[in-house]
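Coordinate inspection notes
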Amino acid sequence: MLDMPAPPPATADYAVVKRAIEFISTHWRDQPSIDEIAEQAGLSPSHFQHVFKRWAGLTPKAFLQAITIERARELLRDSATVLDAAYDVGLSGPSRLHDLFVTHEALTPGDYRRDDLTLQYGFHPSPFGEVIIIAAPRGMAGLGFVDGDREATLADMARRWPRARFARDDTVTAPYARRVFDPAFWRPDTPLRVVMIGTDFEVRVWETLLTVPMGRATTYSDIARKIGRPKAARAVGAAVGRNPISFVVPCHRVLGRSGGLTGYHWGLARKQAIIGWEAGQVRAA
DNA sequence: AGCAACAAATATC
DNA sequence: GATATTTGTTGCT
């Protein structure tokens, strides 16, 4: 896959962007200028602008705009109706917002325990740093971000399927990596197959997440209401956090009721990065 | 027991 | 008054 004419992975750009976002999220109070941010990221202002724009599809200023609390509140304003509308539209007909189309099947822990399941995994570049992808026989089962150590990341993922056997094979997972992170592959006629392994409650939460369009957001309590457990917001939070197929199942589009980012298993900076990147993709579409 | 929550109550400026 | 901080409740693993 190294000789494949794929679009530039932008992984190197992400390192710069990540540093910038971390700086911004700790210094937003003193309204840092682009020059200051560029300096923190270790690049000249003009080079920084260029790298950033290439990665995000947005200028740093527009990106900042896209990840403020105010903007988050805007996204949330009619998040409840977003969930309702998504079910009505379904996968038929062109939706206004392009997104990754997905078909899924659910498996309870008991189901997959029956067969001696072997999961294949591989490591690939992405716009948000290196990812690990887990493939089950019937579709994609997991996606996680590598922060530093591949071993630790694999262990983190493997913990979710304690009975499964793991075998590395990057050639199996490479096609998933390509189509997940390249919007050109996001077409309803070639949906991505995913396998969700979890309890009934978890799977219902993850299914609901799949109906939140790119560039939009929802809240833990809205999801709770949507699945008919209006008081289970906290349990929803736990289930969202246990989502094994991050990015594909958009757990990064779940915010606190007041627009706060709350948590992200793979780091809040990365959550912000994905939200901002998606804002850029939506604008491009 | 432990959570990636939330709303209402209370304290603080 | 507007905003922090605390407290009680909540459902699922």
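Owing to the predicted nature of the structure, the values given are computational and were not obtained by experimental measurement. Once a new chain begins, its residue numbering starts again from 1 and follows that chain's sequence as written. Note on labels: chains are lettered from A, ligands numbered from 1, in written order. With pLDDT at 70 or above as the cut-off, local features in this predicted model cover only qualifying residues; side-chain atom pairs require 80 or more to be listed or tallied, and sums for whole chains, interfaces and linings still use all residues. Excluded from the side-chain calculation are hydrogens and water; included are all heavy atoms of the structure.

This part covers the protein's contact with DNA strand C. Nearness is defined per residue: one heavy atom within 4 Å of the molecule or strand is enough. Lining the immediate environment of DNA strand C, one finds Thr199, Phe201, Arg229, Lys231, Ala232, Arg234, Ala235 and Arg242. Near the protein, meaning within 4 Å, the atoms of DNA strand C are sugar or phosphate in a fraction of 82%, with bases accounting for the rest. Polar contact is defined as a pair of N or O atoms within 3.5 Å, subject to the rule that within protein one atom must be able to donate a hydrogen and the other to accept it, and that residues adjacent in sequence are counted only when both atoms are side-chain atoms. In the environment of DNA strand C, a phosphate oxygen lies 2.6 Å from a nitrogen or oxygen atom belonging to the side chain of threonine 199. Arginine 229 places a polar side-chain atom, nitrogen or oxygen, 2.6 Å from a phosphate oxygen of DNA strand C.

Turning our attention to the protein's contact with DNA strand B. Around DNA strand B sit Tyr220, Ser221, Ala233, Arg234, Gly237, Val240, Gly241, Gly256, Arg257, Gly263, Tyr264 and His265, and that is every residue in its neighbourhood. Across the atoms of DNA strand B situated within 4 Å of the protein, the share located in sugar and phosphate is 41%. The separation between a phosphate oxygen of DNA strand B and a polar side-chain atom of arginine 257 is 3.2 Å. At 3.3 Å from a base nitrogen of DNA strand B is found a main-chain nitrogen or oxygen belonging to glycine 263. Elements are defined by DSSP. Helices are runs of H or I of four residues or more, strands are runs of E of two residues or more, and each kind is numbered from the N terminus. Those elements that provide at least two residues to the surface near DNA strand B are helix H11 (220-226) and helix H12 (233-241). Per-element tally for the surface near DNA strand B: the top contributor is H12, with 5 residues. Classifying every residue of the surface near DNA strand B by side-chain character gives 4 nonpolar, 6 polar and 2 charged. Amino acid classes used here: Ala, Val, Leu, Ile, Met, Phe, Trp, Tyr, Cys and Pro are nonpolar; Asp, Glu, Lys and Arg are charged; the rest, including Gly, are polar.

Between helix H2 (residues 34-41) and helix H3 (residues 45-56), whose axes approach to 9 Å, the crossing angle comes to 85°. Considering the angle they form, H2 stands roughly perpendicular to H3. Touching Ile34, Asp35, Ile37, Ala38 and Ala41 of H2 are Pro45, Phe48 and Gln49, all from H3. Of the residues belonging to the contact of H2 with H3, the class tally is 6 nonpolar, 1 polar and 1 charged. Note on geometry: axes are C-alpha line fits, over the in-contact stretch for helices, and angles between N-to-C directions span 0 to 180 degrees. In this scheme, roughly parallel covers angles under 35 degrees and roughly antiparallel covers those over 145, while 65 to 115 is roughly perpendicular and the rest are oblique. Any two residues whose heavy atoms approach within 4.5 Å are treated as being in contact.

Below, the discussion takes up the side chain of threonine 208. Residue placement: threonine 208 occurs in helix H10 (residues 200-210). A distance of 2.8 Å separates a polar atom in the side chain of threonine 208 from the backbone oxygen of arginine 204.

This part covers helix H5 (residues 69-76). An α-helix turns once per 3.6 residues; consequently, residues spaced three or four apart project the same way. Listed as buried for H5 are Ala72, Leu75 and Leu76. Summarising the axial view, the buried residues of H5 lie within an arc of 95°, below the 170-degree limit, and thus occupy one face. Buried residues are those whose accessible area, probed at 1.4 Å on protein chains only, stays under 20% of the maximum for their type, while exposed residues exceed 50% and partly exposed ones sit between those limits. What the arc measures is the spread of directions leading from the helix axis to the C-beta atoms.

A separate point is the packing of aromatic side chains. Centre distance within 6.5 Å is the pairing criterion for rings of Phe, Tyr and Trp, where only the six-membered ring of Trp is used; planes under 30 degrees apart are then read as stacked, over 60 as edge-to-face, and the remainder as tilted. With the rule as written, the count across this model stands at 15 aromatic pairs. Taking the centre distance of 5.6 Å and the plane angle of 55° together, the rings of phenylalanine 48 and phenylalanine 52 count as tilted. Taken as a pair, phenylalanine 48 and phenylalanine 52 lie in helix H3 at a separation of 4 residues, close to a single helical turn. Both residues of the pair, phenylalanine 48 and phenylalanine 52, belong to the buried class. Each residue in the set Tyr14, Phe48, Phe52, Trp55, Phe63, Phe128, Phe145, Phe181, Phe247, Trp266 and Trp277 is aromatic and connected to the rest through ring pairs, giving one cluster.

This paragraph deals with unusual backbone geometry. A positive phi is found at phenylalanine 247, a non-glycine position, where the angle reads about 70°. Tracing the chain through its elements places phenylalanine 247 in the loop between H12 and strand E8 (254-255). One non-glycine residue, threonine 262, lies in the positive phi region at around 45°.

The next point concerns the environment of isoleucine 132. Looking at the element boundaries, isoleucine 132 is found in strand E3 (residues 131-136). Judged by relative accessible area, which is 0%, isoleucine 132 ranks as buried. Remark: the alpha-carbon pair of isoleucine 132 and threonine 153, spanning 21 residues in sequence, is separated by 7.5 Å. In this structure, isoleucine 132 is in contact with Tyr121, Gly122, Phe123, Gly142, Leu143, Gly144, Val146, Thr153, Leu154 and Met157, ignoring residues within four places of it in sequence.

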